[in-house]
Amino acid sequence: MKHPPTPARFQDTAEARRRFGDQLDRLAPFLLRVDPVADAVVDAFASMPSGQGFRQLEAALARGIDAVPDAPAELRALFAAVDHVPLWVDWEAVNRGGTAFLRTGMLGGILLAMQALILGYASPGGNKPLVFSGRLREQAPRRLGETSRFVHAVSLAGGMRRSGEGFAITVKVRVMHAQVRRLIRASGRWKTELWGEPINQHDMVATALLFSVAVLDGFDKLGYHIPPAQKEDLVHLWRYVAHVIGVEPELIPGSYAEARRLAEMIFLTQGAPDNDSRLLVSALLSHGINSGWTERQRRRAEQLVAVFCSVSRSVLGEGLADQLGVPRQSSLLTVPLLRAIAAASSRAHALPSLQDFALDLGDRYWQRSVAIALGGRPADFAPPEGFVGRRT
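Described below are features of the structure shown in this document. (Residues numbered from 1 in each chain as written. Predicted model: local features only at pLDDT ≥ 70, side-chain atom pairs only at ≥ 80, totals over all residues. Heavy atoms only, no water.)

A look at the overall build of the protein
Phase 1 of the analysis: Regarding its fold elements, the protein presents 19 helices and zero strands.
Phase 2 of the analysis: Relative to its 392 residues, the protein shows a buried fraction of 52%.
Phase 3 of the analysis: Long-range contacts, defined here as pairs at least 24 residues apart, represent 78% of the contacts in the protein between residues at least 6 apart.
Phase 4 of the analysis: Within the protein, one finds 46 positive and 39 negative side-chain charges whose respective centroids are separated by 5 Å. (Helix = DSSP H or I, 4+ residues; strand = E, 2+ residues; numbered from the N terminus. Buried < 20%, exposed > 50% of the residue type's maximum accessible area, 1.4 Å probe, protein only. Contact = heavy atoms within 4.5 Å. Lys, Arg positive; Asp, Glu negative; His and termini not counted. Charge placed at Lys NZ, Arg CZ, Asp CG, Glu CD.)

Comments concerning the pattern of salt bridges
Phase 1 of the analysis: Scanning the model with the defined rule gives 29 salt bridges in all.
Phase 2 of the analysis: For aspartate 83, the salt bridge is made with arginine 162, and the minimal N-O distance between the two is 2.6 Å. Residue aspartate 83 is found in the loop between helix 5 (73–82) and helix 6 (91–102), and its partner arginine 162 is found in the loop between helix 9 (136–155) and helix 10 (165–187); the two are separated by 79 residues along the sequence.
Phase 3 of the analysis: According to the relative accessible area criterion, aspartate 83 is partly exposed, its value standing at 34%.
Phase 4 of the analysis: Owing to a relative accessible area of 29%, arginine 162 belongs among the partly exposed residues under this scheme.
Phase 5 of the analysis: Here the residues in one salt-bridge network are Arg19, Asp217, Lys221, Arg260 and Glu264, joined through shared partners. (Salt bridge = Lys/Arg side-chain N within 4 Å of Asp/Glu carboxyl O.)

Let's talk about a nonpolar patch on the surface
Phase 1 of the analysis: On the surface, Leu351, Leu354, Phe357 and Leu361 cluster together into a nonpolar patch covering about 370 Å² of accessible area.
Phase 2 of the analysis: As for its placement among the helices and strands, leucine 351 is situated in the loop between helix 18 (334–349) and helix 19 (352–374). (Patch = residues over 30% accessible without salt bridge, like charges linked within 9 Å, V, L, I, M, F, W, Y side chains within 5 Å. Areas by Shrake-Rupley, 256 points an atom, 1.4 Å probe, with all protein chains shown as cover.)

Side note on empty space enclosed by the protein
Phase 1 of the analysis: Taken as a whole and judged by the stated rule, the model has three cavities of 30 Å³ or more.
Phase 2 of the analysis: Each pocket or cavity is described by its volume, and for the largest cavity that value is around 70 Å³.
Phase 3 of the analysis: Taken together, Val205, Ala208, Leu209, Ser212, Val235, Trp238, Arg239, Ala242, Ile252, Pro253 and Ala259 make up the full set of residues lining the largest cavity.
Phase 4 of the analysis: The set of elements that each furnish at least two residues to the lining of the largest cavity consists of helix 12 (201–222) and helix 13 (228–245).
Phase 5 of the analysis: Classifying every residue of the lining of the largest cavity by side-chain character gives nine nonpolar, one polar and one charged. (1 Å grid on protein atoms, 1.4 Å probe; cavity = no way out; pocket = protein on both sides within 12 Å on 5 of 7 lines; lining within 4 Å. Points joined across faces, edges and corners; volume = space filled by probe spheres on them. Nonpolar A, V, L, I, M, F, W, Y, C, P; charged D, E, K, R; others polar.)

A few points about the nonpolar core
Phase 1 of the analysis: Leu57, Leu75, Leu78, Phe79, Met160, Phe219 and Trp238 are the most contacted members of the largest nonpolar core, which has 115 residues in total.
Phase 2 of the analysis: Counting residues per element, this core draws most heavily on helix 12, which supplies 13 residues.
Phase 3 of the analysis: Non-local contacts of tryptophan 238, meaning those with residues more than four positions away in its chain, are made with Phe150, Val151, Val154, Ala208, Phe211 and Ser212. (Core = buried A, V, L, I, M, F, W, Y, C linked by side-chain atoms within 4.5 Å.)

Some details on the packing of aromatic side chains
Phase 1 of the analysis: Tallied over the entire structure, the rule returns ten aromatic pairs.
Phase 2 of the analysis: Note on tyrosine 365 and tryptophan 366: the rings are 5.6 Å apart at their centroids and 80 degrees apart in plane angle, and the pair reads as edge-to-face.
Phase 3 of the analysis: Judged by relative accessible area, tyrosine 365 falls into the partly exposed class, the value being 22%.
Phase 4 of the analysis: Among the aromatic residues, those joined into a cluster by ring pairs are Trp88, Trp91 and Tyr240.
Phase 5 of the analysis: The lysine or arginine in question, arginine 239, covers the ring of tryptophan 88, its NZ or CZ lying 3.8 Å from the ring centre. (Phe/Tyr/Trp six-rings, centres within 6.5 Å; stacked < 30°, edge-to-face > 60°. Lys NZ or Arg CZ within 6 Å of the ring centre and 35° of its normal.)

Let's talk about unusual backbone geometry
Note on backbone geometry: most residues besides glycine have negative phi, and most peptide bonds are trans.
Phase 1 of the analysis: If you check the backbone angles, isoleucine 199 has positive phi at about 45 degrees while not being a glycine.
Phase 2 of the analysis: Note that isoleucine 199 resides in the loop between helix 11 (192–195) and helix 12.
Phase 3 of the analysis: Phi is positive for phenylalanine 381, which is not a glycine, with a value near 60 degrees.
Phase 4 of the analysis: Here phenylalanine 381 shows up in the segment after helix 19.

Some details on the side chain of arginine 103
Phase 1 of the analysis: Structurally, the position occupied by arginine 103 is in the loop between helix 6 and helix 7 (106–122).
Phase 2 of the analysis: Aspartate 356 is the oppositely charged side chain nearest to the buried, salt-bridge-free arginine 103, at an N-O distance of 5.4 Å.
Phase 3 of the analysis: Polar contacts involving the side chain of arginine 103 include one to the main-chain carbonyl oxygen of glutamine 355, which spans 3.4 Å.
Phase 4 of the analysis: Not counting the four nearest positions on each side in its chain, arginine 103 is found in contact with Tyr224, His349, Gln355, Ala358 and Leu359. (Polar contact = N/O pair within 3.5 Å; in protein donor to acceptor, adjacent residues only side chain to side chain.)

Remarks on a positive patch on the surface
Phase 1 of the analysis: Judged by side-chain charge, Arg296, Arg299, Arg300 and Arg368 come together as a positively charged surface patch.
Phase 2 of the analysis: Per element, the largest residue contribution to the positive patch is three residues, and it comes from helix 16 (residues 295–316).
Phase 3 of the analysis: When you line up the elements, arginine 296 lands in helix 16.
Phase 4 of the analysis: For arginine 296, a relative accessible area of 67% puts it in the exposed group.

Focus on the environment of phenylalanine 30
Phase 1 of the analysis: Among the structural elements, phenylalanine 30 can be located in the loop between helix 2 (23–27) and helix 3 (36–46).
Phase 2 of the analysis: Sequence separation between phenylalanine 30 and valine 205 is 175 residues; the distance between their C-alpha atoms is 9.9 Å.
Phase 3 of the analysis: With near-sequence residues (within four places) excluded, phenylalanine 30 lies in contact with Asn200, Gln201, His202, Glu248, Glu250 and Leu251.

Written out as C-alpha cells, the structure reads:
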C-alpha cells in the first residue's frame, strides 16, 4: 500500500534521525491525520440553521447528550467519545497538576505567553491555521485571553471533570478546531503537500506539550523548582486534556520523560521560524502598546514588553529569539531579579503552611488576567462561521 508523501514541513535531518531513528517515520504520518469525529459534527452543524448546532453542543455539555433529543448522530458519537474516561485517568493527579501550575501565578502567566505561545508560533507549518484569518494584530489579545481562560479552567480542581468548565471548554475547542479546518479547506488555498492537514494530530499534541513540558522547561530555566512528582502530575493533566480534545491515544505521552522526548522530536523536525512566525510574535508583543488608551498606559505597556522580551529571550535562547524577532533589551537586571523571585517563591510554595495561600493568589491572578485580556467580552469558544483569509 502506497502512503501519501510526507509534507515538506517535516525536516528529517541527520541530527533528528541520529537521535530518534525510525520514530520519525512513525511521527510524520500524524501530519496528515485529523479528527474525523469532530469533523463529522461540524459537517452536520452546517446543514442546520445558524447557531443551532452550537446550542445543541452547549446543551449536551450542560445536561448530557440524552437531554438533546434532536441531536444528530454525529454529535452523539462525539459525546460517546468524550464522556468515556480512560482507565489511566487519575483524578487526584489531574488536580495536583493543575494546582501546581496555578500556584506559580504571574510566573506561569508570563511563561504561557512568552514561551508556550511563542514556541507555537515558531513552527512554520503549525502556525498556518492562525495566519489564515488575515487579522493577526487584531486577534493577538483575543487569542491570549481565550488561551489563558482555557488553561485556567482546565487547571482548576475539578475543572476536567464532566461537569467542569475546563472539560466544556476543551470540547468546544475541539469542535472549533474542526470548523476552522472546514473553513480552511473550503478556501481552496491550503497546501497540504507543504503543511500537512490543518490542525492535524501532530500539531494538536504539540499544543498539549507546549502547555506542559515547555512551561516546565521555562520554570527550570528561571529557577522555580517543581518537584519531579508534580511535573508528572502536570503532564498527566494535559494527557487527559489531549484525550478530550481529540488526540489519538498512540500519540499521547504517558509520562514526563515520554512527553519531553516527543517535544524534542517535534522541535527538531519542524524547521526554522518563517515570516509568519515573526508576524505572530510581533502581534503578541505589541498588542498591549497598540491598545493603550493613554500615553501613560502605553509607556507602562512598553516597560512590560521590555520585561517580557528579556524573559522570553532567556527561556527561548538567544538564537531562536533572534529568528523570531524578539527584541533585545538593554536591562541586565530583569532576568536575574526574576530568577531570584522565582527561586524564593518556589521555596515558599513548598511550605505546607503557604500552599493554600499561594494557590488563592495564583487563582486571583489568572481571573484578573483573563478579564483584562478579554476586555469584558465573553469567550464562548463558538465555532467561527467564517473568516477573512489572506494569501499564503
